[in-house]
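These are the residues of each chain, in order.
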Amino acid sequence: LHTITDAILGALCLPDIGQLFPDTDPQWKGASSDKFLLEAVRLMEERGYVMGNLDCTIIAQKPKLSPHKGNIKNNLCRLLNADADVINIKAKTHEKVDSIGEERSIACHA
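Residues numbered from 1 in each chain as written. Predicted model: local features only at pLDDT ≥ 70, side-chain atom pairs only at ≥ 80, totals over all residues. Heavy atoms only, no water.

A. Spatial organisation of the packing of aromatic side chains. Within the structure shown, the criterion is met by three aromatic pairs. For the pair F21 and W28, a centre-to-centre distance of 4.5 Å together with 65° between the ring planes defines the contact as edge-to-face. Neither residue differs from the other here; F21 and W28 are each classed as buried. Taking the centre distance of 5.3 Å and the plane angle of 35° together, the rings of F21 and F36 count as tilted. Of the two residues, F21 is situated in the loop between α2 (17-20) and α3 (33-46) and F36 in helix α3; the sequence distance between them amounts to 15 residues. For F36, a relative accessible area of 7% puts it in the buried group. By the ring-pair criterion, three or more aromatic residues cluster together here, those being F21, W28 and F36. (Phe/Tyr/Trp six-rings, centres within 6.5 Å; stacked < 30°, edge-to-face > 60°. Buried < 20%, exposed > 50% of the residue type's maximum accessible area, 1.4 Å probe, protein only. Helix = DSSP H or I, 4+ residues; strand = E, 2+ residues; numbered from the N terminus.)

B. Just the sheet that holds strand β2 (residues 87-92), in detail. Spatial ordering of the open sheet is given by β2-β1-β3, a layout of three strands whose pairing is mixed. The strands lining the two open edges of the sheet, one partner per strand, are β2 and β3 (107-109). The average undirected angle you get between the axes of adjacent strands in this sheet is 15°. Pairing geometry for strand β1 (residues 54-59) and β3, over three bridges, is antiparallel. Across the sheet, the residue bridging to T57 is H109, located in β3. Sitting on the sheet, helix α4 (residues 69-80) is in contact with β1 and β2, with an inclination near 145° to β2. (Pairing = 2+ DSSP bridges. Axes fitted to C-alpha atoms, helices over the stretch in contact; angles between N-to-C directions. Contact = heavy atoms within 4.5 Å.)

C. Region of the structure containing the packing of helix α1 (residues 2-11) against α3. For the pair α1 and α3, the least separation of the axes is 9 Å and the interaxial angle reads 20°. Looking at the two axes, α1 sits roughly parallel to α3. For the crossing formed where α1 meets α3, the hand is left-handed. Here H2, I4, T5, I8 and L9 of α1 lie close against α3, whose contacting residues are S33, F36, L37, A40, V41, L43 and M44. Looking at side-chain class alone, the contact of α1 with α3 contains nine nonpolar, three polar and no charged residues. (Parallel < 35°, antiparallel > 145°, perpendicular 65-115°, else oblique. Left-handed = near helix turned anticlockwise from the far one by under 90°. Nonpolar A, V, L, I, M, F, W, Y, C, P; charged D, E, K, R; others polar.)

Function cannot be read off these values alone, since they describe shape.
Structure representation (structure tokens):
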């Protein structure tokens, strides 16, 4: 959700998630990721924009995400106030290379 939040903020020419929602601010400290995304969507809609499309690639060696892509997409549609036909979710591995492939981290691009 952080990657998608940053993608929306970037499209709006706003600061990144760490600057806009600093963990030093009690309002944001310990907040769940969906709270940041919902605020980014609010800012997007406030400026008259809607989600045109989203392509999101989640990179993880484990767990295998393909069985969960439908649920991820449905949750994103709800959070983004977007139709399913504008949301694309892809999952891939990192072929056992670096920290992602060694199952020590996960990455996401949007």
